[in-house]
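The residues making up each chain are set out below.
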Amino acid sequence: MKTIFFSIAVFLLSIQQQAQNTNVTDVTKTTITTVKDSDGEKQIIKKQEVQEVQNIEFQNADSNALNKDMKTTPIQVTSTTQITNPDGTTRTVDIDRSSYYQANGKQYEVKLDAAGYTISSAQSKKPALLRKTSTNSYIYSTKYKTAIGYFDTNGNLILETYDSKNDKVMVETFVKVTP
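Residues numbered from 1 in each chain as written. Predicted model: local features only at pLDDT ≥ 70, side-chain atom pairs only at ≥ 80, totals over all residues. Heavy atoms only, no water.

K.L.:
Explain a nonpolar patch on the surface here, please?
P.N.:
Side chains of Tyr162, Val169 and Val171 sit close together on the surface and give an oily, nonpolar patch of about 320 Å² of accessible area. By the secondary structure assignment, Val171 is in strand E14 (residues 168–176). Residue classification places Val171 among the exposed residues on the basis of a relative accessible area of 54%. (Patch = residues over 30% accessible without salt bridge, like charges linked within 9 Å, V, L, I, M, F, W, Y side chains within 5 Å. Areas by Shrake-Rupley, 256 points an atom, 1.4 Å probe, with all protein chains shown as cover. Salt bridge = Lys/Arg side-chain N within 4 Å of Asp/Glu carboxyl O. Helix = DSSP H or I, 4+ residues; strand = E, 2+ residues; numbered from the N terminus. Buried < 20%, exposed > 50% of the residue type's maximum accessible area, 1.4 Å probe, protein only.)

Next up, the structure:
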């Protein structure tokens, strides 16, 4: 009986020692977009959750001083975006690529929509569609062009189009504009 109580006490104390001190910040931002058209009003709800976790460490952990200075440690940021469409379906986006991009001297806006992204510019009447595939790339589609796209490590959008006349792949880069 004593060994059972002793084992439980050792187990509880070992759990106490494994606890780690962290600063955790959770921020949730909800954006509701209402679109009015001939079918009526439709609401798209975008919920973005950002969690920042930072381990707490001391500069001189072994010193006997009562007040110790904190050591700066890296912050780990986790962000997820959930989009609820007017029909009630919900999808989760790990990285929101919505931003402004530049290509060929023109500025484009990439925005999340119900099924992927739309790419619009001041010159185009109808936005282009960007739809995610199972291979972590995107299909870019307009009235006159279909291409394969992906985002590079810098966040730029790269479109690859096949030119059947020259039997080559044409690469077009949309550079992300930093605010």
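Still to come is the rest of the account.
K.L.:
Honestly, the pairing of E14 in this entry has me stumped. Any pointers?
P.N.:
Strand residues, when the strand is regular, have side chains that alternate between the two faces of the sheet. Relative to E14, strand E7 (residues 99–103) runs antiparallel, the two being bridged by 2 bridges. By the bridge assignment for E14, Tyr101 is matched with Lys176. Two elements, strand E13 (residues 157–163) and E14, share 7 bridges in a ladder whose sense is antiparallel. Bridge assignment links Tyr162 to a residue of E14, and that residue is Val169. Between the end of E13 and the start of E14, which pair antiparallel, lie 4 residues, with Asp167 showing a positive phi angle near 55°. (Pairing = 2+ DSSP bridges.)

K.L.:
Would you take a moment to explain unusual backbone geometry for this structure?
P.N.:
Excluding glycine, residues mostly have negative phi values, and the peptide bonds linking residues are mostly trans. For Asn104, which is not glycine, the phi torsion reads 55° and is therefore positive. Of note, Asn104 is situated in the loop between E7 and strand E8 (106–112). With a phi angle near 55°, Asp167 is a residue other than glycine that sits in the positive phi range. Mapping Asp167 onto the fold places it in the loop between E13 and E14. The exposed category is assigned to Asp167, whose relative accessible area is 55%.

Function cannot be inferred from these measures alone, as they are strictly geometric.
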